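Each chain is listed here by its residues.
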Amino acid sequence: MSASICLHGHFYQPAREHPWLDAVEIQDSAAPAHDWNARITAECYGPNAAARILDGRGRIARLVNNYEAISFNVGPTLARWLRRAAPGVLEAMVAADRRSRAARGWGNAIAQAYNHVILPLASPHDRLTQVRWGVADFARRFGRPPDGLWLPETAVDNPTLAALCACGIRFTILAPHQAARVRPLGEGPWTDLGPEGPDVGRAYLCRPAVGCEIVVFFYHGPLSHAIAFGPLLENGEALASRLLEAAARSGGGLVHVATDGETYGHHHRFGEMALAVAADRLAREGRLTNYAAFLAAHPPADEVEIRERTSWSCAHGVERWRADCGCRTRAEWHQRWRAPLREALDWLKAELDALFDGAGARVLHAPWTARDAYVEVLLDQAAAPAFLEAHAREPHRPQERVAAMRLLEMQRHGMLMFTSDGWFFDDVTGIETVQVLRHAARAVQLARGFGPDLEPALVARLRAAESNVPSFGDGAGVWARLVRPDVVDGRRVAAHAAMLSLFAQVPDDARVYAYRVVRRRGRRLARGPQVLITGRADVTDTATGETEALSYASLHLGSDVHCAVAGDWDEARHDAEVDALAAAFEHGTLADTVRRMDAAFGRDAFGLRDLFVEERRRVLARLTEDAVRHLETSYRRLYEESRGLAETLRQAAVPPPREFLLAAEFVLATDLRRALVSPAPLPDAAWALVEEARAWGVTLPAAELEQLLAERVEAHLRAADSLFLVEHLREALRALEFARDAGLTPNLWEAQNLFAQRLAPRLASTRADERRTLEAVAERLHFSPDAFDAAAR
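Let us look at the structure shown here. (Residues numbered from 1 in each chain as written. Predicted model: local features only at pLDDT ≥ 70, side-chain atom pairs only at ≥ 80, totals over all residues. Heavy atoms only, no water.)

Section: the nonpolar core
Now for step 1: By size, the foremost hydrophobic cluster in this structure holds 176 residues, and its most contacted members are Leu7, Leu82, Leu243, Leu345, Leu348, Leu458 and Trp479.
Now for step 2: In terms of residue count, the dominant contributor to this core is helix H10 (residues 338-363) (10 residues).
Now for step 3: Ranked by size, the runner-up nonpolar core spans 48 residues in total, among them Ala675, Ala751, Ala760 and Val777. (Core = buried A, V, L, I, M, F, W, Y, C linked by side-chain atoms within 4.5 Å. Buried < 20%, exposed > 50% of the residue type's maximum accessible area, 1.4 Å probe, protein only. Helix = DSSP H or I, 4+ residues; strand = E, 2+ residues; numbered from the N terminus.)

In C-alpha cells:
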C-alpha cells in the first residue's frame, strides 16, 4: 500500500500589539516593512496564499493557494492581526480549509493554544483557558470545531494532554523524541524507545489521565529538519522526490513533516514556491492528505506514553523557558536571566490570581468560568454587554462593570506575559522579552485598586535577571528604560489628542487607538505662529469601559509643544484656570504662559516626545517640511547653475565636485518621486530624469522608487478593474515599461495577484485593443501566455 504524505506548517507570531494601544507600532528592525508581522506576511503568509508555479522560461504559469495542500495551524494572536491588517490572507486560509473539507471530508486547519504559552509550565487554570481560548478562536474563524491542536513548541506533559481531551481535541502532533514507550492497544508489554522515537508512519492512542484518550502523531524528524534547516526548499521537485522516496521506504502509512510555517518564504526565500511545486506533484500522484483524514481511515492500533515536560526546540525538555540550559542563538551570551524572569512573573501571576479570586468573586458569579468565556469579547467587543449580563453580579452598575472588565483584562495580560518568545532568544533586552514585560506592566496597572501596588516588588525581583548588555544591567534596568516609558494612562491619551490637534483636525469625539476621547469646552487662541488650545476631555479605555474626566492645555512653541493635563478639577476651577491661562497667553510672553501652565497643572508636562510613535514621526516630519523646502530651493538653484559647468567637467573627464553631485541627486530624486505619485499620466520627463542621473553618475534611491512604482501599478490596475478604462491599463503598462528602462525591479506580487484574479478573466469579453493592452500588461507582469489564456477561459 502506498504511503500518504502530509506537510504541516505552524504559522504563528506573538502578540506584538502595544498592550495599551492595541496596535502594532512601527518596528525599525523590520524595515522596509512597518513591523515584523507585516514583513513576515509579505515574505510568507501572503505568498503562500498565492504561490507562483513557473513555466520552463521562468514565467508565471499558475497561482496556487498552498494552504489547500498542507495541514496548518494559524496562531490566534497572528489570526487577530491578520483580520485587521491583511484580511485577504486570513480569508485564503479559511477558504483553503473549506475546500480541503470538500475534497477530503476533513479540514486542513487545526487549532493552537491561544498565545503560545509553554503549557507544562502554566498553572492548571491558565493551561485550560489557553486551550479553551484557542478552540474558541478557531471555531469563530473557521466555522467549525477543531479536530487537532498544535501545542506551543510541542511542549507537553500529561496534564496538558488531559486539557486537550477536556476541550474535545482528537489529536496533536509531537516530535519523535517525545515518545517514551509504545505497545499494541490492550494490555501487552511496553517497549521503551530511544531518542529516534517510534514508527512515525502511524497514529498512536495516548491515555494521559483516567477516562481520557487522545491521538498523537509523531512527525518525521530527519525530513522535517532537512526542510527547516537544509537545502530541500531550493528545489520543489527535489522536495517532492525526497518525500516520495521516504514514502516508498515506509511500506505504507503516513509520511508527515512539521516545521514552522515561516520556513516557507521567511526563513527560506521563495520557499513557498518550492512547496507549491512539490505539493502540485504530490497532489497529481494522489498522495496528499491531512491528519484528520488519515486518522479517519487509519485509527490507532498502538498506544503510547510520552516523555513529560519535553518540546521540539529544547534538548533539555522545557528548560529553555525557565533556565540557562545552553539553548541559544548567540553562543557568546549567557541566559542566566531566564530563571529570574520566570520566577518574577510566576510570583506576579500568583498575586494577580489571588486578586482575581478575591475581587473577582465580588463582581463575577464565577470568576474562572467568566475568564474562560471572556474570549467571546476578545473575538467581538460588541459581545461585551451580553457577556456582562451573563457573568457579572450587578451588570447594570457602571462601577461593577468596570471592575469586572479590569480584572478580566488583568488576567488576559497576565497570560500574555508568559508568551514563549519572551524566553526563547538571547537577552532580556530583546524585543520579545520587552513585550512580555510590557504585558506585565499592563497587568500591574490594572491590578491597582484591588490590592497593593505590585510594581516595586516585581522590579526588585527583576534585578536578578542579569543582562548581557552592560548599559542595561538587569531586568530592572530594562523595565526602567524600555517598559515604564511605554505605560499609558488617561492623562497621556488626553495629552496626545491635545497635542495632535495643534497640527491636524481631531474630531471632538475621536478614537485614539484603544481609547475614546470626547473633548468639550474647547478654546483655541492664536497669536502669530503661537497657538494655545484648552478644553475638557473624557478619556475612555474601550477595553475596560473606565473613563477619566480631565482638563488640558496645549501650547505650540514652534519646534516643540508644552502640554499639561489635570484630573481633579471641577468645572468652576477649570473655567478659572483657563481664563487665567488665556490672559497670560494674550498679554504676556510664551515664558509667562508656560509658567502659568506649570503653576496651574503642575510641572509634569508633556512634549512631542510623548506623542505615540506613529503620530510623533508624522508631526516631526511636518515640522521639518519648511526646512526641507528651503533646502530644496538651495539645491535646485545649485543644480541649475552648475549644469553647464558640470557638463564641461564631464567632457574634460574631471569628476564634478561632491556638492554638485549632492544637489543633482536631491533634485532628480525629488522630481522622480513627484512624477511617480502624481495621478497624472507618467510624463516623458521621467525617462529624461533617469538619463540625467546616469549622465551625472548619481545614484537614485532605488528601493523607494521601486515601492512607488509598485503602488502606481497597483493603483491603475485597481482602477482598471473598477472602471475598466483602457487608459488605466495603459498607465500601468507605461509604469512597468519605465521600471524596465530605469533598471528598477519593483515588487509586483500584489499587482500580479490583482491582474490574475480580477483582470485576466475579462479577456473573453474585451475588445481587440483592450485585449492587446491586457496581453502587454500580462507580459510585463511576467505571466506565461498559457496562464493568461487559462485565466481568460
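Considerations on the pattern of salt bridges
Now for step 1: Across all of its chains, the model carries 69 salt bridges by this definition.
Now for step 2: Residues Asp541 and Arg442 are paired through a salt bridge, measuring 2.7 Å at the closest nitrogen-oxygen approach. Taken together, the residues Asp541 in strand E16 (residues 530-541) and Arg442 in helix H16 (residues 431-447) connect sequence positions 99 residues apart. Pair check on accessibility: Asp541 and Arg442 agree, each one buried.
Now for step 3: Its salt-bridge partner being Glu632, residue Arg636 comes within 3.0 Å of it at the nearest N-O pair. Note that Arg636 and Glu632 are positioned in helix H23 (residues 625-651) at a spacing of four residues, about one turn of the helix.
Now for step 4: Given a relative accessible area of 12%, Glu632 falls into the buried group. (Salt bridge = Lys/Arg side-chain N within 4 Å of Asp/Glu carboxyl O.)

What about the sheet that holds E16?
Sheet strands pair via backbone hydrogen bonds, and the direction of the pair is either parallel or antiparallel.
Now for step 1: Taken in spatial order, the five strands of this open sheet run E14-E15-E16-E17-E18, and their pairing is antiparallel. Every interior strand has two partners, whereas the edge strands, strand E14 (509-512) and strand E18 (561-566), have only one. Put simply, the sheet's adjacent strands are angled 30 degrees from each other on average, direction ignored.
Now for step 2: Sheet analysis places strand E17 (residues 547-556) next to E18, joined by six bridges and oriented antiparallel. When the bridges of E18 are listed, Ala553 appears paired with Ala564.
Now for step 3: Across the sheet, helix H20 (residues 571-587) touches strand E15 (515-527), E16 and E17, and the angle it forms with E15 is around 35 degrees. (Pairing = 2+ DSSP bridges. Axes fitted to C-alpha atoms, helices over the stretch in contact; angles between N-to-C directions. Contact = heavy atoms within 4.5 Å.)

Focus on the sheet that holds strand E5 (residues 109-112)
Now for step 1: With respect to topology, five strands assemble into an open sheet ordered E6-E5-E4-E1-E12, the strand pairing being parallel. Both outer strands of the open sheet, strand E6 (149-150) and strand E12 (254-260), are each paired with one neighbouring strand and no more.
Now for step 2: Here E5 runs beside E6; their pairing, made up of two bridges, is parallel. Within E6, the residue paired with Gln112 across the bridge is Trp150.
Now for step 3: Most of the contacts of helix H7 (residues 236-250) go to E12, to which it runs at about 140 degrees, and overall it touches strand E1 (4-11) and E12.

Thoughts on the state of the cysteines
Now for step 1: For the structure shown, the criterion picks out one disulfide.
Now for step 2: In this structure Cys6 is not part of a disulfide, and its nearest cysteine sulfur, from Cys44, lies 17 Å away.
Now for step 3: Relative accessible area serves as the criterion here: at 1%, Cys6 is assigned to the buried category.
Now for step 4: In this structure Cys325 is not part of a disulfide, and its nearest cysteine sulfur, from Cys327, lies 3.7 Å away.
Now for step 5: On the basis of relative accessible area, Cys325 is assigned to the buried category, the value being 18%. (Disulfide = S-S within 2.5 Å.)

Regarding the packing of aromatic side chains
Now for step 1: If you walk through the whole model with that rule in mind, you get 23 aromatic pairs.
Now for step 2: Ring plane angle 65 degrees and centroid distance 6.3 Å describe the contact between Phe217 and Phe294, whose orientation is recorded as edge-to-face. Of this pair, Phe217 sits in strand E11 (residues 212-218) while Phe294 sits in helix H9 (residues 291-297); the two residues are 77 residues apart in sequence, bridging distant segments of the chain. Here Phe217 and Phe294 have matching classes, each one buried.
Now for step 3: Note on Tyr639 and Trp696: the rings are 5.7 Å apart at their centroids and 40 degrees apart in plane angle, and the pair reads as tilted. Of this pair, Tyr639 sits in helix H23 while Trp696 sits in helix H25 (residues 685-696); the two residues are 57 residues apart in sequence, bridging distant segments of the chain.
Now for step 4: Put simply, the rings of Phe11, Tyr45, Tyr67, Phe72, Phe138 and Phe142 pair up and form one aromatic cluster.
Now for step 5: The ring of Phe424 has Arg320 sitting right over it, with the charged end atom 3.6 Å from the ring centre. (Phe/Tyr/Trp six-rings, centres within 6.5 Å; stacked < 30°, edge-to-face > 60°. Lys NZ or Arg CZ within 6 Å of the ring centre and 35° of its normal.)

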